[in-house]
Amino acid sequence: MLRRRLSSILTTSIHSSFSSSIYRKPNHLLISSSTFSLSKSPIIQSNELFNNGGMIRAYSSVLLALNDLRDSYKKKKKKRLGRGIGSGKGKTAGRGHKGQKARGTYKFGFEGGQTPLRRRLPKRGFTNPFSLEFQPCGLGKIARLINAGKIDSSELITMKTLKDTGAIGKQIKDGVRLMGRGAEQIKWPIHLEVSRVTVRAKEAVEAAGGSVRKVYYNKLGFRALLKPEWFEKKGRLLPKAARPPPKQRDKVDSIGRLPAPTKPIPFVLEENDAAKTQIAA
């Protein structure tokens, strides 16, 4: 209360005593607290009068003191139920009179016996439990990494190689799909082992004298391929490569090898089939 009165009296006295100085536009005026006999408190030390375009501002240490500083805290108080009628939430504590909602809890979404909203709305679509998510990787990105010296084209390029060099992300769910983007940059033979491959990418690699093999890894096999140090840390042996399920047998060429291989496997089966057809003819 005292501070409000001091600030109001201070501003009114400044306007009345220095009204003539407003039109002179002084740059800076320093008024000591001894000119005002408002209070003998040592808090008021000095008042600065600034004239900015005809407006006077008075700054005083009365408006802000160290004992006025407070930490930031929540201003909204917690709702207190059942603490008398004066609080506004007494007696029934905001629950009303009688009924299931006043006496206890009930199942979420229950609407008193009528068909709830979650059953009134129709179903849309479905979630395929057999869907697979492959991470794409273009041939152009592999060619740039080979030119930068991060990938050795003379060795087998596996999905671990692509992950370690940054060609694909770290999260590999069901494998890697080799895409044909940048196929014109492949001008030397390379050998790859991926989960899936597009027709354009396979034709571009084979035209350059390389090969692409589609291999199968399950979840545990991918962990053993990409992070073999995890099994060493746990003191476990690397698992054996799993066979593909019946629905994926015609989509892969062979079972993935563990640990990560460094040399490709030649396609001997195709050569044998071609030789058999020639003999039969």
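From a predicted model like this one, the values you see are computed outputs, not experimental measurements.

Caption draft 1: Here's a closer look at the pattern of salt bridges. Under the definition given, this model contains five salt bridges. Between K219 and D174 there is a salt bridge, and its shortest N-O distance comes to 3.4 Å. Here K219, found in helix α7 (residues 219-226), pairs with D174, found in the loop between α5 (159-164) and β5 (176-179); they are 45 residues apart in sequence, far enough to count as distant.

Caption draft 2: Seen up close, the packing of aromatic side chains. This model, assessed by the stated rule, comprises two aromatic pairs. Residues Y217 and F222 carry aromatic rings whose centres are separated by 5.6 Å and whose planes lie at 45 degrees to one another, so their mutual orientation is tilted. Comparing Y217 with F222 shows no difference in burial state: the two are buried. Both rings, one in W230 and one in F231, keep their centres 5.1 Å apart while their planes meet at 85 degrees; by these two values the pair is edge-to-face. Look at W230 and you get partly exposed, because its relative accessible area is 25%.

Caption draft 3: Region of interest: the environment of R103. Mapping R103 onto the fold places it in helix α2 (residues 100-103). On the accessibility criterion, R103 (65% relative accessible area) is exposed.

Caption draft 4: Representation of the sheet that holds strand β4 (residues 135-138) in the model. Strand order in the open sheet formed by three strands is β4-β5-β7, and the pairing between neighbours is parallel. Each of the sheet's edge strands pairs with one partner strand only, and the pair in question is β4 and β7 (196-197). Examined bridge by bridge, β5 and β7 share two bridges and lie parallel to one another. Residue L178 lies in a different strand from β7, and its bridge partner there is V197. Sitting on the sheet, helix α4 (residues 139-147) is in contact with β4 and β5, with an inclination near 60 degrees to β4.

Caption draft 5: Just a positive patch on the surface, in detail. The grouping of K170, R223, K227, K233, K234 and R236 at the surface amounts to a positive patch. Along the chain, K170 turns up in the loop between α5 and β5.

Caption draft 6: Representation of helix α6 (residues 199-207). Every buried residue of α6 is listed here: A201, A204 and V205. Angular distribution of buried residues about the axis of α6 spans 95 degrees; they occupy a single face of the element. Exposed positions of α6 whose direction lies more than 90 degrees from the buried face are V199, E203 and A207. At its buried positions, α6 is contacted by α4, β5, β6 (191-194), β7 and β8 (211-216). Following α6 by one or two positions, G209 has its phi on the positive side, about 95 degrees.

Procedures and definitions
Residues numbered from 1 in each chain as written. Predicted model: local features only at pLDDT ≥ 70, side-chain atom pairs only at ≥ 80, totals over all residues. Heavy atoms only, no water. Salt bridge = Lys/Arg side-chain N within 4 Å of Asp/Glu carboxyl O. Helix = DSSP H or I, 4+ residues; strand = E, 2+ residues; numbered from the N terminus. Phe/Tyr/Trp six-rings, centres within 6.5 Å; stacked < 30°, edge-to-face > 60°. Buried < 20%, exposed > 50% of the residue type's maximum accessible area, 1.4 Å probe, protein only. Pairing = 2+ DSSP bridges. Contact = heavy atoms within 4.5 Å. Axes fitted to C-alpha atoms, helices over the stretch in contact; angles between N-to-C directions. Patch = residues over 30% accessible without salt bridge, like charges linked within 9 Å, V, L, I, M, F, W, Y side chains within 5 Å. Areas by Shrake-Rupley, 256 points an atom, 1.4 Å probe, with all protein chains shown as cover. Lys, Arg positive; Asp, Glu negative; His and termini not counted. Charge placed at Lys NZ, Arg CZ, Asp CG, Glu CD. Arc of directions from axis to C-beta.

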